[in-house]
Amino acid sequence: MGELRVPKLNNNDSEYTLLEWLAADGAPVRRDEPVATLETSKAVEELTAEEDGTLTHLLAQGAVCRPGDLLARVTSGDAEPAAPSPAPAREEKTAGPIITAPAQELIDSLGLDPALVHTLDVKVVRRADVERLAASGSSASQAALSVHQRAVVRTVTLSHRTIPAAYTAIKVDVGAALTLTRDLTRRLRKLVGLPDLLIAAVASLHDKHPMFFAELVDESTATIPDTPAVGVTIDLGTGLYVPVIPGRPSLSEIAETMTAFRKHAQHGTFREADLRGANIAVTLHHDPDIVLAIPIIAPGHACALALASPQPEGDRTVATIGLAYDHRLNNGRDAILFLQALKESLESPEAGEFVARRDAGSSEGGLRRH
């Protein structure tokens, strides 16, 4: 007899919502078949059966659960299925959508009419659905923060409390880079943009500027990852996501991945695996009037970059790239060398092909690496 338990999906959440059973109670399932989905603050994750057998639900759809909790059992052969454990207290409804516990809590706190909730065209009402419903029909001066925004609150608060950040910005002539992106878009028949070039350029600097990819262990030690993993911000109005592009993929692969990320952000279909493992971050600020942005350094990162919108300046087009960095790992001169290397790559994209330059002046800030 196998067990289906709640895995530890990320370090930001202590509990998740059992969003949906994909296989019915008592249904036959096969090994590696998706049987349930869990909702975290950032993503929806599928859980699979670990063996063939008959699935027995132990928690109700919509229940709040924690890592290690037992969700279901899978019995094989002629074994007698175990009796389900009592589900969290929640009235079963004979009609209408299933309402998750966090959604019901918000409904109660806002005093929303249950009839309005039942008009939602969804099978499972999540907290995010209730937030949208309340925003569309309420003029109250208070608004509930979304589950995504509450995760942002935790990250930003921890960053400001624990990281002594410094900031430097550099102006880059991106005329050649924009010409290249237009040419590549035509040749590859897929959208290639300036952010894709920046992601490739950042990844190429890993070997020559490793401390900008480092994680501080203590006052005298930092760990250096073997390969870059660039997190990039995606926000289409449905929440802020930071999915990760690992390694040094080609521009074509980056462009294809970024297109997929936008679709996931639009439909809320990111998996936790998409959002884990970054060791540096690039934040994108596309509005044409944005000329400068100061990014937040994620806890565990050494820095974050911000790409502002390209602006006309005389006979050229320029964009500002800002670098917020943990002053315990890098100093001002290190930041200037790192930004200058990015500037060189973006201003001569075809010649450099985003291969990291040798910078003898790069410093490791006196920290021991291991």
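The notes below deal with the structure included here.

Thresholds, definitions, all that
Residues numbered from 1 in each chain as written. Predicted model: local features only at pLDDT ≥ 70, side-chain atom pairs only at ≥ 80, totals over all residues. Heavy atoms only, no water. Helix = DSSP H or I, 4+ residues; strand = E, 2+ residues; numbered from the N terminus. Buried < 20%, exposed > 50% of the residue type's maximum accessible area, 1.4 Å probe, protein only. Contact = heavy atoms within 4.5 Å. Areas by Shrake-Rupley, 256 points an atom, 1.4 Å probe, with all protein chains shown as cover. Axes fitted to C-alpha atoms, helices over the stretch in contact; angles between N-to-C directions. Parallel < 35°, antiparallel > 145°, perpendicular 65-115°, else oblique. Left-handed = near helix turned anticlockwise from the far one by under 90°. Nonpolar A, V, L, I, M, F, W, Y, C, P; charged D, E, K, R; others polar. Pairing = 2+ DSSP bridges.

## So, the overall build of the chain
Secondary structure summary: the chain contains nine helices and 22 strands in total. Looking at the chain as a whole, 45% of its 370 residues are labelled buried. A separation of at least 24 residues holds for 63% of the contacts in the chain among residues at least 6 apart in sequence. Counting only carbon and sulfur atoms, one obtains 50% of the accessible surface of the chain, whose full area is about 18,700 Å².

## Describing unusual backbone geometry
One non-glycine residue, Asp32, lies in the positive phi region at around 70°. Structurally, Asp32 is set in the loop between strand E3 (28-29) and strand E4 (34-39). The phi angle at Arg189 is positive, at roughly 60°, despite the residue not being glycine. Structurally, Arg189 can be placed in the loop between helix H5 (175-188) and helix H6 (194-204).

## Considering the packing of H6 against helix H8 (residues 332-347)
The N-to-C vectors of H6 and H8 enclose an angle of 130°; their axes lie 10 Å apart at closest approach. Regarding the angle of H6 to H8, the classification is oblique. Crossing hand, H6 versus H8: right-handed. Facing Leu197, Leu198, Ala201 and Val202 of H6, the residues of H8 in contact are Leu342, Ser345 and Leu346. Its residues assigned to classes, the contact of H6 with H8 comprises six nonpolar, one polar and no charged.

## Concerning the pairing of strand E19 (residues 303-307)
With five of five residues buried, E19 is to be regarded as a mostly interior element. The alternating pattern of E19 places Cys303, Leu305 and Leu307 on one face and Ala304 and Ala306 on the opposite face, and all of these are buried. Relative to E19, strand E18 (residues 280-284) is paired through four bridges, and the arrangement is parallel. Its bridge partner being in E19, Val282 is matched across the sheet by Leu305. One ladder, built from five bridges, connects E19 with strand E21 (residues 316-326); its direction is antiparallel. Considered in E21, the bridge of Cys303 is made with Tyr325.

## With respect to the packing of H6 against helix H7 (residues 251-267)
Where H6 meets H7, the axes come as close as 9 Å, and the angle between the chain directions of the two elements is 125°. What the angle tells us is that H6 and H7 run oblique. Judged by the sense of rotation from one axis to the other, the crossing of H6 with H7 is right-handed. Counting all contacts with H6, which are made through Asp196, Leu197, Ile199 and Ala200, the residues of H7 involved are Leu251, Ile254, Ala255 and Met258.

## Points about the environment of Ala169
Here Ala169 shows up in strand E11 (residues 165-173). The spatial distance from the C-alpha of Ala169 to the C-alpha of Leu307 is 9.9 Å, given a sequence separation of 138 residues. Among all residues touching Ala169, those that are not within four sequence positions of it are Leu292, Thr320, Ile321, Gly322 and Leu339.

## Overview of the sheet that holds strand E5 (residues 44-48)
Ordered in space as E5-E4-E2-E7, the four strands form an open sheet in which the pairing is antiparallel. Strand pairing shows two members of the sheet lacking a second neighbour, E5 and strand E7 (64-65), which therefore form its edges. Relative to E7, strand E2 (residues 16-21) is paired through two bridges, and the arrangement is antiparallel. Within the sheet, the bridge partner assigned to Thr17 lies in E7 and is Val64.

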